[in-house]
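Fold and geometry: a report
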Number of protein chains: 2
Amino acid sequence: MKKDAFVGVFDSGIGGLTVLREIMRQAPREKTVYFGDTARLPYGSKSQDTILRYVRQIMRFMETKEVKAIVMACNTASAYTLDIIEQEIGVPIIGVVKPGAKTAAGSTVNGRIGVIATDGTINSGLYTKFIQSINPELQVFGKACPLFVPLVEEGLLHDFVTEEIARRYLADLQKQDIDTLILGCTHYPLLRSLIGQIMGPEVQLVNPAYETAIALKCLLAENDLQAPGQEVVDHEFYVSDGAEKFKIFANSILPYDVETTHVINIEGY
Amino acid sequence: MKKDAFVGVFDSGIGGLTVLREIMRQAPREKTVYFGDTARLPYGSKSQDTILRYVRQIMRFMETKEVKAIVMACNTASAYTLDIIEQEIGVPIIGVVKPGAKTAAGSTVNGRIGVIATDGTINSGLYTKFIQSINPELQVFGKACPLFVPLVEEGLLHDFVTEEIARRYLADLQKQDIDTLILGCTHYPLLRSLIGQIMGPEVQLVNPAYETAIALKCLLAENDLQAPGQEVVDHEFYVSDGAEKFKIFANSILPYDVETTHVINIEGY
């Protein structure tokens, strides 16, 4: 395995760019190849069998790029497929669920942790499983928030409709006296200030994107795979649909000038 | 071609069931096979190339069912692919766009027609093209309403959030003095009463599902393909993901007891 190979990062669409952004900030020497499955998004409402088939195709694409490590920058994919996929491939791989779960378990004081995510991630119960494997006495309260992704994608980040929907989704968690809340979908950090305002300053928000970038650095160090100092750090972008729309969004959030986004037929992998 | 063969009906997901419901009501002797592409929904935000690839796979599935005619019960698919697909297949096919456009063109008095639909359908400009091919003097005003589908799927049919979003989306059309409004996405008839209330009684709402069922009956008659009287009328249901969830929704809106929904891997066709 070459130290100067790409790190592969993927998501169902644009959400994983919040993870890529953290990787670029925290591991600026790493070259990355990003894939967004925009032809089949969203993943959050689909079944484990379907997501597993999609992720296996993405793994075959990543093989062609000879990546040295892979980041599943998608909570649903991580929740449903990471355990299976890590047995099937020959490179180190991490998801976003474990790093977020670990941080939440370490930072709660009263032992009551909330998780907001897609239907798929909540139904998988994986955040609860990971958190309780660290400390079985911790209590985890999950809440699916299916409208958050379309509201973010419609650009309604600061809008009373989004606030109203957020108040409804978060009402149950407010009653549970949680002191830590995991933003368990890669779109949700874009609603961070609103969620923080509703939950109040006593609730700590955990952004798995940040924790995942740290976990990636550890993974590369453990496997002696850290990139050497490179003059030019390349980042490549692939999607299964809508390259232009993706590029505009990527340029709006990444500390990097995305010039080209390639469309691939992921079903062919 | 056998008269007692199935009529194929498909959509990206559950929306097309509003069309199937009208077919069951208006052509109760016809056997149908329905496919919902729930593993890859929604279609509305995806590109023409991607939708065309998906529809070609669905056509190959419909071939295996030896259907005698096909209804594209999806506005985005109809807008982007019908002209191409009807050259490629050997059975009569109709979409939902032409029947809705024809009815709107025939019923407007002041010549000003509104269309609400997904991004894909609005961007295709196809409603405008069809309406103006009937009468070039008619004016068409389109408005994409991307949050309507997730709001319907979240069950917020009678909710002030949906009303607020609808008021925003419809505000431009209200200023245009339209007298006819096409509900150009198969989910939208489920918001019919709210849309009617906002637009007022002077605006006539056109539901392409209703018009499409009439068009199907004409198509079968023209091709001498009407079903003979049958004791038992079969309806088969296929999806690419989430059979159980689909079945529950189908049973809530169809005048038919859906007992089994089959999952197929549509990418393999």
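Quick notes on the rules
Residues numbered from 1 in each chain as written. Chains lettered and ligands numbered in written order. Predicted model: local features only at pLDDT ≥ 70, side-chain atom pairs only at ≥ 80, totals over all residues. Helix = DSSP H or I, 4+ residues; strand = E, 2+ residues; numbered from the N terminus. Buried ≥ 20, exposed ≤ 12 C-beta atoms within 10 Å, placed from the backbone. Core = buried A, V, L, I, M, F, W, Y, C linked by C-beta atoms within 7 Å. Domains from an automatic or database assignment. Contact = placed C-beta atoms within 7 Å. Expected span 1.5 Å × (residues − 1). Nonpolar A, V, L, I, M, F, W, Y, C, P; charged D, E, K, R; others polar. Pairing = 2+ DSSP bridges. Axes fitted to C-alpha atoms, helices over the stretch in contact; angles between N-to-C directions. Least-squares fit on C-alpha atoms with pLDDT ≥ 70 in both. pLDDT = per-residue confidence, 0-100.

1. Considerations on unusual backbone geometry
Cis geometry marks the peptide bond from Leu41 of chain A to Pro42 of chain A; its omega dihedral reads -5 degrees. Take Pro42 of chain A: it is sitting in the loop between β2 (32-36) and α2 (48-64). In the Ramachandran plot, Glu66 of chain A falls in the positive-phi region, its phi being about 50 degrees despite a non-glycine side chain. Tracing the chain through its elements places Glu66 of chain A in the loop between α2 and β3 (69-72). A residue is classified by how many C-beta atoms lie within 10 Å of it, and Glu66 of chain A, with 13 of them, is partly exposed. A positive phi is found at Asp177 of chain B, a non-glycine position, where the angle reads about 55 degrees. Structurally, Asp177 of chain B is set in the loop between α8 (160-175) and β7 (180-183). Residue Asp177 of chain B is classed as partly exposed on the basis of its C-beta count, with 13 C-beta atoms lying within 10 Å.

2. Points about the nonpolar core
Counting 82 residues, the largest nonpolar core has Val9, Ile58, Val71, Met72, Ala73 and Tyr127 of chain A as its most contacted members. Per element, the largest residue contribution to this core is seven residues, and it comes from α2 of chain A. Residue assignment places this core across two domains, with domain 1 (7-95 + 210-268) and domain 2 (98-208) of chain A each supplying three or more. Aside from chain neighbours lying at most four places away, what touches Ile58 of chain A is Phe10, Phe35, Asp37 and Ile266 of chain A. Counting residues in each nonpolar core, the second largest holds 81 residues, with Phe10, Val33, Tyr80 and Cys185 of chain B among its members.

3. Quick notes on α2 of chain A
Residues and elements named next belong to chain A. If you check α2, its first and last C-alpha atoms are 25 Å apart, about what 17 residues at 1.5 Å a residue would give, namely 24 Å. Within α2 the residues assigned to the buried category are Thr50, Ile51, Tyr54, Val55, Gln57, Ile58, Met59, Phe61 and Met62. Buried-residue contacts for α2 involve β1 (7-11), β2, β3 and α3 (75-88). Where α2 ends, the next residue or the one after it, Glu66, has phi of about 50 degrees, a positive value.

4. Quick word on the interface of chain B and chain A
Each partner contributes to the interface: chain B provides 15 residues, whereas chain A provides 15 residues. The residue inventory of the side of chain B that touches chain A, partitioned by class, reads six nonpolar, three polar and six charged.

5. Overview of the domain arrangement of chain A
Residue and element names in this part refer to chain A. When its domains are assigned, chain A resolves into domain 1 (7-95 + 210-268) and domain 2 (98-208). For domain 1 and domain 2, the distance between their C-alpha centroids amounts to 23 Å. Taken together, the 23 residues of domain 1 in the interface contact 20 residues of domain 2. Only α1 (17-26), α3, β4 (93-95) and α10 (208-222) provide two or more residues apiece to the side of domain 1 that touches domain 2. With five residues, α10 is the largest single contributor of residues to the side of domain 1 that touches domain 2. Classifying every residue of the side of domain 1 that touches domain 2 by side-chain character gives eleven nonpolar, nine polar and three charged.

6. Things to note about helix α1 (residues 17-26) of chain B
When we look at burial in α1 of chain B, the residues that qualify are Leu17, Thr18, Val19, Leu20, Glu22 and Ile23 of chain B. Next to the buried residues of α1 of chain B lie β1 (7-11), β2 (32-36), β3 (69-72), α10 (208-222) and α11 (243-253) of chain B.

7. A few points about the environment of Phe237 of chain A
Residues and elements named next belong to chain A. Looking at the secondary structure, you find Phe237 in strand β9 (residues 235-239). Its 23 C-beta neighbours within 10 Å are what place Phe237 among the buried residues. For the pair Phe237 and Phe35, spaced 202 residues apart in sequence, the C-alpha to C-alpha distance is 6.2 Å. For Phe237, the residues in contact, after removing those within four places along its chain, are Tyr34, Ala250, Val258, Thr261 and His262.

8. A closer look at the sheet that holds β1 of chain B
All names here are of chain B. Read across the sheet, six strands follow the order β4-β3-β1-β2-β9-β10 without closing on themselves; strand pairing throughout is parallel. At either end of the open sheet lies a strand with only one pairing partner, and these are β4 (93-95) and β10 (262-263). Most of the contacts of α11 go to strand β9 (residues 235-239), to which it runs at about 140 degrees, and overall it touches β2, β9 and β10.

9. Focus: the pairing of strand β5 (residues 112-117) of chain B
Residue and element names in this part refer to chain B. Judged by how many residues are buried, β5 sits mostly within the fold: five of six residues are covered. Bridging between β5 and strand β6 (residues 139-144) involves six bridges; their strand directions are parallel. Bridging across to β6, Arg112 finds its partner in Gln139.

10. Some points on the sheet that holds strand β7 (residues 180-183) of chain A
Residues and elements named next belong to chain A. Taken in spatial order, the four strands make up an open sheet running β6-β5-β7-β8, and their pairing is parallel. At either margin of the open sheet sits one strand with a lone partner, and together these are β6 (139-144) and β8 (204-206). Neighbouring strand axes in the sheet, compared pairwise and without regard to direction, differ in orientation by 25 degrees on average. Relative to β7, strand β5 (residues 112-117) is paired through four bridges, and the arrangement is parallel. Bridge pairing in β7 links Ile116 to Leu183.

11. Some words on the relation of the copies chain B and chain A
Note on the copies: chain B fits chain A at an RMSD of 0.0 Å, the axial shift is 0.0 Å, and the rotation between them is 180 degrees. The symmetry that links the two subunits is that of a two-fold axis. By C-alpha distance to the rotation axis, the residue of chain B lying nearest is Arg40 of chain B, at 2.3 Å. When the interface residues of chain B are mapped onto chain A, 100% of them again lie at the interface, so the same face is used by both copies.

12. Some points on the confidence of the model for chain A
One rule of thumb: low pLDDT means the predicted coordinates there are not for detailed reading. Residue-level pLDDT values for chain A average 95, and 100% of them are 70 or greater. Taken together, the chains of this predicted complex give a pTM of 0.91 and an interface ipTM of 0.87.

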